[in-house]
Amino acid sequence: MARSARQSPGETATIHEQKLTRGSGGELHQLAQGDIPVLTTAQGGPVSDDQNTLKIGARGPALMEDFFFREKIFHFDHERIPERVVHARGYGAHGFFETYESLAAYTRADIFQRAGEKTPAFVRFSTVAGSKGSFDLARDVRGFAVKLYTQEGNWDIVGNNMPVFFIQDAIKFPDMVHAVKEEPDRAFPQAQSAHDNFWDFISLTPESMHMIMWLMSDRAIPRSFRFMQGFGVHTFRLVNAKDESTFVKFIWKPKLGMQSVAWNEAVKINGADPDFHRRDLWDAIQSGNFPEWELNLQLFDQDFADGFDFDILDPTKIIPEEVLAPIPVGRLVLDRMPDNFFAETEQVAFMTQNVPPGVDFSNDPLLQGRNFSYLDTQLKRLGSPNFTHIPINAPKCPFHHFQQDGHMAMRNPVGRANYQPNSWGEGPRESPQQGFRSFADAEEGQKVRLRPESFADHYSQARQFFLSQTAPEQRHIVMALTFELSKCENPAIRARMVSHLLNVDQTLGEAVADKLGIGKLPKPADAAVPPRDDLPASPALSIIENGPESFAGRKVGVLVSPGADAGLLRELQAAIDKEGAVMEVIAPRVGGVEASDGSWIEGKHMIDGGPSVLFDAVALLVSEEGAERLAGEATARDFVADAFAHCKFIAFSAGAVPLLQKAGVDPKADEGMIVIDEPEAVSTYIESCRKLRLWSREMAVKL
Ligand code: HEM
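Because the structure is predicted, anything quoted here is derived from the model rather than measured. (Residues numbered from 1 in each chain as written. Predicted model: local features only at pLDDT ≥ 70, side-chain atom pairs only at ≥ 80, totals over all residues. Heavy atoms only, no water.)

Chemist: Would you mind going over the site of the ligand with me for this structure?
Modeler: Taken together, 24 residues lie near the ligand, and Arg84, Arg124, Arg370, Tyr374 and Arg381 sit nearest. Between the ligand and the protein, one listed contact pairs a nitrogen atom with a side-chain N or O atom of His87 at 3.4 Å. Taking Tyr374, its side chain carries an N or O atom lying 2.7 Å from a nitrogen atom of the ligand. Listing elements by their share of the shell around the ligand, those giving two or more residues are strand E6 (142-150), strand E7 (153-160) and helix H9 (365-382). Of the residues that constitute the shell around the ligand, the class distribution is 12 nonpolar, eight polar and four charged. (Near = heavy atom within 4 Å. Polar contact = N/O pair within 3.5 Å; in protein donor to acceptor, adjacent residues only side chain to side chain. Helix = DSSP H or I, 4+ residues; strand = E, 2+ residues; numbered from the N terminus. Nonpolar A, V, L, I, M, F, W, Y, C, P; charged D, E, K, R; others polar.)

Structural data, given as structure tokens:
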């Protein structure tokens, strides 16, 4: 009888604390033993060697017969699915929605019938333009897509962190997305709107001007997904048990308040931590700090719609909160990260047309188009009409239908009847009482391709948004437009955009023209209808005006050196904990430093890997000798100079002065520079941090 050749030799190798087995070519093998299961093929067959293909002799050709290798590589070769055509980069989390009070007067949706009802939820946040591997701090809209697994099927509110959109009709969506994505001949820029094609399209699409104000504002560079609002954008309907309809707009408001970063900071964050937003959500949820939003409804009837300044079907318009107060109706809490990113976050399929009975659509032409697009795109992306069989997409309520077969059918019907009506006495059957009934709106008219005249005002609300911003926020809009347009090679596009900005606000147009070096102001663009200047400012639109007055959920970076005051660090840690914030230590070496009292301070970051852009505020707890030494390092000087330039509150021990000076920062520059040699000063520092940023410094640093 022939004996098989030796397959895997068994010499032991010790790599630090790991005991492995060494193969004949020096490669390492980890063997199953104890509780560690045996590796198998996808068919369940146990595997003996996962390091070497099957060959003729150790140096010979590989064999087709190696079914294990072939299965492994075959599967790997097919791992990728198409990324989303938009919103490719995203991050999701599980949680629940809790209803405050019954809304039965407005809707028969089961989710709103009982106070205290908890409905499972999955939320995916995203950027729009960049591909799956792009960075988090792009200047971009953020997707805010919520899937509510209600007792009457899945309800998806597929929203954004801005309440308006670029275009009024879905037929323009492919053009708009083509224009913003990388240019097709050169395949760049990635995840950036700062290029000719985007601004060419925008400057020829005046309906986008309101959205452009939002996109150029700080809303486009949020500090965290946790600090963003979300909007359903369109007008929807709620329909009650008597089939009466109320118009509704959906708004999510973050409990921790809104916050954004500065553009100069965003650019640096993208280099320091391209996963900044992901990591932030992961860290918060894993540490039990569950982010929360309140769902607010703006409810109105036909009379309000008829009397409102703009068409409520136009997705480039808002209803200001001062005109129609939002009503909080429930809270959304995110308390669990997915077990597997691909299975859940990547495969989740949101669709605007997923609404339960009691929620209905309006005729907004953008929404109507979306209702077609999302189903279509899921088939392309997930590859089978059975994408609802994937657990993240399956309803959590009982469901019964006659759809069958197709690729990867996981839930297959049992029994004889796969049609109805049938005479087998088998269901499921329709229910006029429980089933979805479209609101029976009276519609009639000619079949036309027409934009309503009521959509023609493109500038008034753009102006209202701009004038509702605080001075620093207006400056940021000017700087954002200047930056973006400076990346356009074609001067005609820059000038064309300025011609629109003059219609939004004369000072805005002039400021951008000046910064771009456009000598002669262009004529204001021809407006379809004259822009209004009588819309009152809406303070609700400003982030700064609506600050949280709390530092909860934020992060302090503490730079330490050998000889740092451990007692002060403990005081600081206690005060930050009490505030509901997080402290992280940055040290010259990640292993940490010895404090003045001989205790050891662990580092979370090394100075090169922990720049101040990763933190909301910083503290410099360094000895004088440590400061002298750090002052010789560019990363340490940048740490301080950036924190100052980004208008952050800076606490420092007296020893830190040489470092501040070498970084070009005057220790007495303003009230944002706080000496903390005494424990009492720690509370002054934390109180200051509640303002989040000292924007009054901005003019001095010319951010
Ligand atoms: C108010 C306007 C819009 C908003 C708020 C919006 C929001 C979103 C969000 C949040 C996502 C990402 C969903 C996720 O996280 O998986 C998304 C994806 C997508 N949107 Fe929109 N969108 C808008 C307009 C449109 C329009 C007009 C169309 C097409 C006519 C469209 C087509 C798509 C497609 C094809 C995807 C990719 C879906 C996927 O592959 O899963 N969107 N949109």
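From this point, things continue past the structure.
Chemist: Which parts of the structure should I look at to understand the UniProt feature "active site" (unreviewed entry) in the protein?
Modeler: With numbering aligned to this structure, UniProt lists the feature "active site" (unreviewed entry) at His87 and Asn160. A compact arrangement is adopted by the annotated residues: their sequence extent is 74 residues, whereas the largest C-alpha distance between any two is 10.4 Å. The class of His87 is buried, set by a relative accessible area of 18%. With residues near it in sequence (within four places) discarded, His87 still touches Arg124, Ser126, Thr127, Val128, Gly143 and Asn160. Position of Asn160 relative to the elements: it lies in strand E7. Judged by its relative accessible area of 8%, Asn160 falls in the buried class. (UniProt positions renumbered as here; feature names shortened; annotations may be inferred. Buried < 20%, exposed > 50% of the residue type's maximum accessible area, 1.4 Å probe, protein only. Contact = heavy atoms within 4.5 Å.)

Chemist: Is there a simple way to think about the pattern of salt bridges in this case?
Modeler: Close approach of charged atoms allows side chains of opposite charge to pair. A full pass over the atoms with the stated rule returns 35 salt bridges. Close ionic contact of Arg496 with Asp200 constitutes a salt bridge, the shortest N to O distance being 3.0 Å. Taken together, the positions of Arg496 in helix H12 (residues 491-504) and Asp200 in helix H3 (residues 196-203) put the pair 296 residues apart, joining distant regions of the chain. Residue classification places Asp200 among the partly exposed residues on the basis of a relative accessible area of 28%. One salt-bridge network, held together by shared partners, links Glu98, Lys255, Glu292 and Arg331. (Salt bridge = Lys/Arg side-chain N within 4 Å of Asp/Glu carboxyl O.)

Chemist: Would you take a moment to explain the pairing of strand E12 (residues 327-336) for this structure?
Modeler: The side chains of a regular strand alternate between the sheet's two faces. Judged from the six bridges that link them, strand E4 (residues 90-99) and E12 form a sheet pairing that is antiparallel. Bridge assignment links His94 to a residue of E12, and that residue is Arg336. Note: strand E11 (residues 292-300) against E12, six bridges, orientation antiparallel. In the strand pairing of E12, Asn296 is matched with Pro328. (Pairing = 2+ DSSP bridges.)

Chemist: How do you make sense of the coordination of the iron atom of the ligand when you look at a structure like this?
Modeler: Each pair of donors in an ideal four-coordinate tetrahedral metal site encloses 109.5 degrees, whereas pairs in an ideal six-coordinate octahedral site enclose 90 or 180 degrees. Looking at the protein side alone, the iron atom of the ligand has one donor only, Tyr374 (OH), at 1.9 Å. Structurally, the position occupied by Tyr374 is in helix H9. (Donors = N, O, S within 2.8 Å, 3.2 Å for Na, K, Ca; no water.)

Chemist: What's the story with the UniProt feature "binding site: heme" (unreviewed entry) in the protein in this structure? I'm lost.
Modeler: Taking the UniProt record as the reference, the feature "binding site: heme" (unreviewed entry) is found at Arg84, Arg124, Phe173, Arg370, Tyr374 and Arg381. Here Arg124 shows up in strand E5 (residues 118-127). Arg124 gets classed as buried once you look at its relative accessible area, which sits at 4%. Within the structure, the side chain of Arg124 is placed 3.1 Å from the backbone oxygen of Ala88, a separation counted as a polar contact.

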